[in-house]
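Secondary and tertiary structure notes
Chain by chain, the residues:
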Amino acid sequence: GVASRRSQAPFAFVAESIFPDAIAAPRSAAWKPADAGGPQIGPCVPAGLPSEFAAAVHEEATELLQSIGLPVYTALGGSWARQKLLLASRHLYVLDQDQFGWGAVAESPSFALCDLQQATIRSSPSLCLLSLSFREGTLVLRFSFSGQRDALLAELLAYNPRIPVVTAMA
């Protein structure tokens, strides 16, 4: 079943070992993307890019999350694996980069959105990371652009606005 695939996910890590200096934001503070007045966590792209570029990245990432999958890197055994994320049926699916179609989704590891306990952001000019802590374990993701991370967070918070978002010091 899905539960057994989730529990055997090779990318489950303990968030504290990857983000030891995480600082929790107050639960009452609503997280917003940087381009919507939220904190600038880190650009993950060269500084000085036009805001239109950031908006386009965010929009494209949202579309990919809901259609063929958003390309990301997942932490896998001490390295990064190219995969993609798909949001469907109140689950976050982790697909291999070359997988397509609903048949692939049925065989892929997934995480129920209702089991998401916390999201942890950590960024620097060269890294854009997001750790998603589920009941089954923690999924650590690396994005090429902060807009991709922001799009995923926006979708997750649209499902459950009470998910704590933690910002780790860079």
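For the structure, see preceding data.
Before going into details, it helps to say that this report is about the structure given with it. All of these numbers come straight from a predicted model, not from anything done at the bench.

**Side note on the overall build of the chain**
Per the secondary structure count, the chain includes five helices and 10 strands. For the chain, with 170 residues in total, the buried portion stands at 44%. For the chain, contacts bridging at least 24 residues in sequence account for 54% of all contacts bridging at least 6. Here the chain displays about 8,700 Å² of accessible surface, and carbon together with sulfur accounts for 56% of that area.

**A short note on the pattern of salt bridges**
Counting across every chain of the model gives two salt bridges. Put simply, Asp115 and Arg135 hold a salt bridge, and the shortest N to O gap is 2.5 Å. With Asp115 in the loop between β6 (110-112) and β7 (116-123) and Arg135 in the loop between β8 (128-134) and β9 (137-142), this residue pair connects regions lying 20 residues apart in the sequence. In this structure Arg135 comes out as exposed when scored by relative accessible area, which is 59%. For Asp150, the salt bridge identified is with Arg149, shortest N-O distance 3.2 Å.

**Observations regarding helix α5 (residues 146-159)**
Taking 1.5 Å as the rise per residue, α5 with 14 residues should run 20 Å; its terminal C-alpha atoms sit 20 Å apart, in good agreement. When you tally the buried positions in α5, you get 10 out of 14 residues, the bulk of the element. Of the positions making up α5, those classed as buried are Ser146, Gly147, Gln148, Arg149, Asp150, Ala151, Leu152, Leu153, Leu156 and Leu157.

Scoring rules and cut-offs
Residues numbered from 1 in each chain as written. Predicted model: local features only at pLDDT ≥ 70, side-chain atom pairs only at ≥ 80, totals over all residues. Heavy atoms only, no water. Helix = DSSP H or I, 4+ residues; strand = E, 2+ residues; numbered from the N terminus. Buried < 20%, exposed > 50% of the residue type's maximum accessible area, 1.4 Å probe, protein only. Contact = heavy atoms within 4.5 Å. Areas by Shrake-Rupley, 256 points an atom, 1.4 Å probe, with all protein chains shown as cover. Salt bridge = Lys/Arg side-chain N within 4 Å of Asp/Glu carboxyl O. Expected span 1.5 Å × (residues − 1).

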